[in-house]
Amino acid sequence: MDKEDLESYLEAGRIGRDVREWSRSLIKPGSSLLELADRIESRIRDSGSGIAFPVNVCLNDITAHYAPKFNDDSVIQKDDVVTVDLGVHVDGFISDTAYTVDLSGKYKELLKVNQEALGEAIELIAPGVSVSEIGATVQKIMTDAGFKPIENLTGHEIKQYSLHAGLSVPNIKVPYDWRIKEGMVLAVEPFATNGVGRVMESQHAEIYSILEEKPVRMREARILLKALSERRKLPFAKRWFAEKINPMRLELVLREMASAGVLKKHPTLRERGGGIVSQFEHTMIVTSDGCEVTTL
Ligand code: CO
């Protein structure tokens, strides 16, 4: 990796870490999810970097891909388990980091085990290591403690302007032998649950990304593509357009663009058994003998 790219990855990592730590004080009963996501996204922008993907704010059994709606009125309750997953980019070089807060105090063990699993996975990351070994380690730590990893969500390789590129880093043992290479950038994100350990898609989506740029007919579709052009294929939230496009038209245009194969929809994911889910995530660059965590 050349020096400039490395610097950008490190800068994105530092900003991601700082915004993550700053955001912790906002997680309290009575906080509105919409305000929380807006404030975190503003903080990322104000730090001179870009938003790599809409801030995900997930409660309890909501596992991933939830971004508040433009008129979201949900408020954090006193017993909620709250996960924040945020992404920063500097010229397309991304950091991705997440944490969970347990306001109830009932899931301390779940969160602790989840953090241990992430720590152990990071310890193992080095060139030549099989991703199945990482997954097996995460799985063992969680199952030994009586919990389960979410088996159908994985960590992922990152490339410039590409959030999910190439290698997956599973949270369970897998029957393939993909290996980690020096210079790879990885986001490692074990999810722990007291449920069944799988997520399912809900009907609802707040997050989309561009799949393939094709000519589009509707005027609003052109507005949307123009506004997104500098993000390339990085995901966006429906709510980002609620002021530019009438919400009913927006629904229509997103549906049309998705069915034309221009957009990919990222539906909200829930734990299949209704279990409580936690998530911890860091981004790292694989070095010759280990890795450097950019978001620490
Ligand atoms: Co993430």
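Residues numbered from 1 in each chain as written. Predicted model: local features only at pLDDT ≥ 70, side-chain atom pairs only at ≥ 80, totals over all residues. Heavy atoms only, no water.

Caption draft 1: The arrangement of the overall build of the protein chain in detail. In terms of regular secondary structure, the protein chain is built from 6 helices and 15 strands. Against the compact-globule benchmark of 19 Å for 296 residues, the protein chain has a radius of gyration of 19 Å, which places it among compact chains. Dimensions of the protein chain, computed from the C-alpha atoms along their principal axes, are close to 55 × 45 × 35 Å. Relative to its full complement of 296 residues, the protein chain shows a buried share of 56%. Restricting to contacts in the protein chain with at least 6 residues of sequence separation, those with at least 24 account for 75%. In the structure as shown, the protein chain presents an accessible area of about 13,400 Å², 48% of it carried by carbon and sulfur atoms. The positive charge centre, built from 38 side chains, and the negative charge centre, built from 44, are 6 Å apart in the protein chain. (Helix = DSSP H or I, 4+ residues; strand = E, 2+ residues; numbered from the N terminus. Rg over C-alpha atoms; globule rule 2.2 N^0.38 Å. Buried < 20%, exposed > 50% of the residue type's maximum accessible area, 1.4 Å probe, protein only. Contact = heavy atoms within 4.5 Å. Areas by Shrake-Rupley, 256 points an atom, 1.4 Å probe, with all protein chains shown as cover. Lys, Arg positive; Asp, Glu negative; His and termini not counted. Charge placed at Lys NZ, Arg CZ, Asp CG, Glu CD.)

Caption draft 2: A look at the nonpolar core. Among the nonpolar cores identified, the biggest contains 77 residues, and Ile40, Ile180, Leu186, Leu224, Phe236 and Met257 are the most heavily contacted of them. By residue number, the principal contributor to this core is helix H3 (residues 108–124), which donates 7 residues. When residues are assigned to domains, this core turns out to be shared by domain 1 (3–202 + 269–293) and domain 2 (207–266), each giving three or more. Among residues more than four places away in sequence, those in contact with leucine 186 are Ile125, His156, Glu157, Leu167, Val169, Ile180, His282, Thr283, Met284 and Val286. (Core = buried A, V, L, I, M, F, W, Y, C linked by side-chain atoms within 4.5 Å. Domains from an automatic or database assignment.)

Caption draft 3: Spatial organisation of the domain arrangement of the protein chain. According to the domain assignment, the protein chain contains domain 1 (3–202 + 269–293) and domain 2 (207–266). The gap between the C-alpha centroids of domain 1 and domain 2 is 25 Å. Listed by partner, the interface residues are 20 residues for domain 1 and 13 residues for domain 2. For the pairing of domain 1 and domain 2, the buried interface totals around 1,300 Å² over both sides, and the portion due to carbon and sulfur atoms is 67%. Three residues, Pro54, Phe70 and Tyr161, lead the burial of domain 1 against domain 2; their summed loss comes to 46% of the area buried on that side. At the surface where domain 1 touches domain 2, the tally comes to 5 residue pairs in polar contact (both at pLDDT 80 or more). If one sorts the elements of the side of domain 1 that touches domain 2 by residue count, strand S1 (residues 50–59) sits on top with 5 residues. Grouping the constituent residues of the side of domain 1 that touches domain 2 by class yields 13 nonpolar, 4 polar and 3 charged. (Buried area = accessible area lost by both parts, 1.4 Å probe. Polar contact = N/O pair within 3.5 Å; in protein donor to acceptor, adjacent residues only side chain to side chain. Nonpolar A, V, L, I, M, F, W, Y, C, P; charged D, E, K, R; others polar.)

Caption draft 4: Main features of the coordination of the cobalt ion. Within the protein, the atoms that donate to the cobalt ion are Asp85 (OD), Asp85 (OD), Asp96 (OD) and Glu281 (OE), at distances of 1.9 to 2.5 Å. Seen from the cobalt ion, its 4 donor atoms lie at angles of 56 to 147°, and the figure they make is irregular. Spacing between the donor residues of the cobalt ion along the chain follows D-x10-D-x184-E. Residue aspartate 96 is located in strand S4 (residues 93–102), and its partner glutamate 281 is located in the loop between strand S13 (277–279) and strand S14 (282–286); the two are separated by 185 residues in the primary sequence. Like aspartate 96, the residue glutamate 281 is buried in the burial classification. (Donors = N, O, S within 2.8 Å, 3.2 Å for Na, K, Ca; no water. Tetrahedral: all angles 85-135°; square planar, octahedral: opposite > 155°, others 65-115°.)

Caption draft 5: Up close: the side chain of serine 49. Following the sequence through the fold, serine 49 ends up in the loop between helix H2 (33–46) and S1. A distance of 3.2 Å separates a polar side-chain atom of serine 49 from the backbone oxygen of isoleucine 44. Separated by 3.2 Å, the side chains of serine 49 and serine 47 make a polar contact. Contacts of serine 49, omitting those with residues within four sequence positions, involve Ile15, Ile44, Val88, His89 and Val90.

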